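# Structure at a glance
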Amino acid sequence: MRISTCLRRGLSLAIASLTVVASPLQADEPIPVKVCVLAMYEMGEVTGDRPGELQFWVEREDLSNVMPFPMGQTELRMSEEGLLVALTGGGVTHAATTLTALGLDPRFDFSDTYWIVAGIAGADPLDASLGSAAWAKWVVDADLLYEIDAREIPEDWPYGLIPLGGYEPNQLDTGWTVDNIAFQLNEGLVNWAYSLTKDIELEDTPALKEFREQFTGYPNAQNPPRVMMGDSLSSSTYIHGRYLNTWANDWMKLHTGEEAEFVMTNMEDSGTLTALRRLSDAGYVDFDRVLVLRTASNFSMQPPGKEATWSATAPYPDQGVPALEAAYKVGSTVAHELIDNWSAYKNRIPKAQAQKEKVKAVVVTMFEIGEDTGDRPAEFQNWVERFPLDEKIDFPYGYRDLRFNRESGVLGIVTGIGTFRSAASVMALGMDDRFDLTDAYWLVAGIAGADPNDMSLGSAAWAEWLVDGDLAHEIDPREIPDDWKFGYTPLRSAEYPWGPIPENDEGVRYRLNPGLVDWAFQLTKDVPIKDTDAMKAMRKKYTGYPKAQKPPSVIKGDQLAAMTFWHGKMMNDWANDWVSYWTEGQGNFVTSAMEETGTMQSLTFLANAGKVNIDRVLVLRTASNFAMQPPGVTAAENLSGEKKGGYSAFVPSLDAAYDVGSTVIRELVGNWDRYQSELPKP
């Protein structure tokens, strides 16, 4: 919405008598501003002495047009190219009043202006190091609340800071609050600014290094400074200490639906954004063009061995100059890009896709019975509850939502049962722009039917060969020739014994990285697996099958995937021969499942596109039941008994899949500095 000429003329009376110093920009029409940079404080003069947030902009930019601004802290300065720089003053009140006055100043047209808040801040040592620069997607106010002195709070309260309208900490309002606590910025614009500046090298000094070395146990605090994404907590009170740092993290998540990550604390941003949002609502500015950049001059809490009072009064290393340099260096890069390419950005706000989440490992499960947590488990639930995969991520093109452990970089998926579901789900995940899967390890971890010739109930088998049991011709065995053993033949072949393997196997067989498989087996071969009385009773029936009667263990054994849940001795014989045929005698059928070849087909295509590394795939199947009946029982009787009574090793096999699989996943992500670039070897 454009502001009427009459309104602008009326407002202009308020400043008609102001003297304009060195300002050839005087005009009857409002001056279009392309970029407005907001600094919050200055130490003394705007040039030539100890710098604050404004000084580098004044000294290094050609801001030759100086205009009086009695409603603010100091004069406004503007370049011929359309860069305006203003000083708000410290604290949310100063920021809000200065921005309101500036936004209503009839000398300027801010309708297409990009706003860059560029100032220093206290950094959470859990996330950032001194000198780092963080682009915020969220700004959250920390003044609007109830407070009780911590010495008078109930014993079970973590602190005495309570949301407006709430009755205890971390309780959202119960009917009354205000609308200017949480501000979400334009994510596309923020991502664009970050992508433009993320590789800028920031100043590191001996003083910064010495200071951050005190923060043992805070690895992010001890890193060199960098450009990052991180959200902003704004309060006129200059918070310090371990307790308030914990509260700040909780507070930001509470008011943003768990989306914000507290990284920087400052004293102005919520006042600035309150004014800008109201000005946007009135049509003076465009709130979608606002950026907040904060750089770390100090930490928001003390290091180990120090008191909170030390943190509040400790001098900033190098007097905060590295953070001031970072604010100018990073902020000016964005400002100049916008101004230099104004023809592109005036009418089209730049945007970039969200920064992709770097995934270290993907856990692929196939089914879950009910909820992800708290009820009868299936393949996914142990991972969600025990690893844990504590963050839910919307996945509408899959079987159910994804789960993620952001700290470790482990992502979990339920594909759904059958090769077609697994193929579709894995392809959808691989094409999801939210994730970077290029270095990820993939672990398929699920239950299976086991060949009693090779495996006992509850055991876990690492597969090297995966063979499809669906892509075939089938004839009812009652109609096959007398010299045929089975009614299955490879596609486009109608003979038995089966002829040479077709040149195009059409996705019937996949061989995993043998070295990686052997490494996983060696790492886990001694992992204890639960045994139960029910399992012992079941395997005792398999007389003549010595391996079926052993206690559960970790082994190596190959896998047959078929959508048909087949059962019985004759089908078991076919499975052994089919796997042997397609692997040219190298593979040995041990487990039967319903998904792997679909999963591998999608991963193969994704690898061809450079989205995943096919050499980083592992398949672990655990025996919930046997693939055939014991002596003295028919196949139909055995299958019927399993359907009615359930698998004797169902829950133990789920536990085994987690216990064995998580050992590998924790080793990979725990030593990511090695395994990201180098495949593990046995």
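Residues numbered from 1 in each chain as written. Predicted model: local features only at pLDDT ≥ 70, side-chain atom pairs only at ≥ 80, totals over all residues. Heavy atoms only, no water.

### Quick look at the overall build of the protein chain
What the protein chain contains, in helices and strands, is 19 helices and 32 strands. Taking all 682 residues of the protein chain together, the buried fraction comes to 56%. Surface exposure of the protein chain reaches about 29,300 Å², of which carbon and sulfur atoms provide 50%. Both charge centroids of the protein chain, one from 59 positive and one from 97 negative side chains, sit 4 Å from each other. (Helix = DSSP H or I, 4+ residues; strand = E, 2+ residues; numbered from the N terminus. Buried < 20%, exposed > 50% of the residue type's maximum accessible area, 1.4 Å probe, protein only. Areas by Shrake-Rupley, 256 points an atom, 1.4 Å probe, with all protein chains shown as cover. Lys, Arg positive; Asp, Glu negative; His and termini not counted. Charge placed at Lys NZ, Arg CZ, Asp CG, Glu CD.)

### Side note on the pattern of salt bridges
Summed over the entire model, instances satisfying the criterion amount to 34 salt bridges. With a closest N to O distance of 3.5 Å, Asp-518 and Lys-556 form a salt bridge. Highlighted residues: Asp-518 in helix 13 (residues 514–524) and Lys-556 in strand 29 (residues 554–556), separated in sequence by 38 residues. Its relative accessible area of 21% is what places Asp-518 among the partly exposed residues. Taking relative accessible area as the criterion, Lys-556 reaches 37% and is therefore assigned partly exposed. Salt-bridge contacts for Arg-621 lead to Glu-595; the nearest nitrogen and oxygen are separated by 2.8 Å. Of this pair, Arg-621 sits in strand 32 (residues 617–626) while Glu-595 is found in the loop between strand 31 (589–593) and helix 16 (596–608), placing the two residues 26 residues apart along the sequence. Within the structure, one salt-bridge network assembled from shared partners comprises Glu-379, Glu-595, Glu-596 and Arg-621. (Salt bridge = Lys/Arg side-chain N within 4 Å of Asp/Glu carboxyl O.)

### A closer look at the nonpolar core
In terms of nonpolar packing, the biggest core is built from 71 residues, with Leu-84, Leu-102, Phe-108, Trp-115 and Trp-135 touching the most fellow members. By residue number, the principal contributor to this core is helix 9 (residues 321–340), which donates 9 residues. Counting residues in each nonpolar core, the second largest holds 61 residues, with Phe-387, Leu-411, Leu-437 and Leu-603 among its members. (Core = buried A, V, L, I, M, F, W, Y, C linked by side-chain atoms within 4.5 Å.)

### Some thoughts on the packing of helix 3 (residues 92–103) against helix 7 (residues 269–281)
Orientation of helix 3 relative to helix 7, taken along the N-to-C sense of each, is 30°, at an axis distance of 7 Å. Judged by the inter-axis angle, helix 3 sits roughly parallel to helix 7. In the crossing of helix 3 with helix 7, the sense of the turn from one axis to the other is right-handed. Side by side, helix 3 and helix 7 meet where Val-92, Ala-95, Ala-96, Leu-99, Thr-100 and Gly-103 of the first sit next to Ser-270, Gly-271, Thr-272, Ala-275, Leu-276 and Leu-279 of the second. Taken together, the residues of the contact of helix 3 with helix 7 break down into 7 nonpolar, 5 polar and no charged. (Axes fitted to C-alpha atoms, helices over the stretch in contact; angles between N-to-C directions. Parallel < 35°, antiparallel > 145°, perpendicular 65-115°, else oblique. Left-handed = near helix turned anticlockwise from the far one by under 90°. Contact = heavy atoms within 4.5 Å. Nonpolar A, V, L, I, M, F, W, Y, C, P; charged D, E, K, R; others polar.)

### A closer look at the confidence of the model for the protein chain
Mean pLDDT over the protein chain stands at 92; residues scoring 70 or higher make up 94%. A low-confidence stretch, residues 1–23 stays under pLDDT 50, and its non-local contacts, those more than four residues away or across chains, total 38 contacts. (pLDDT = per-residue confidence, 0-100.)

### Thoughts on the pairing of strand 7 (residues 114–123)
For a regular strand, the rule is simple: side chains alternate between the two faces of the sheet. With 10 of its 10 residues buried, strand 7 lies for the most part within the structure. Where strand 2 (residues 35–39) and strand 7 come together, 4 bridges link them in parallel fashion. Counterpart to Leu-38 in the pairing with strand 7 is Val-117. Two elements, strand 7 and strand 16 (residues 290–299), share 9 bridges in a ladder whose sense is parallel. Within strand 16, the position partnered with Ile-116 by the bridge is Leu-291. Bridge count for strand 7 against strand 15 (residues 262–266) is 2 bridges, and the pairing is antiparallel. Within strand 15, the position partnered with Ala-123 by the bridge is Met-264. (Pairing = 2+ DSSP bridges.)

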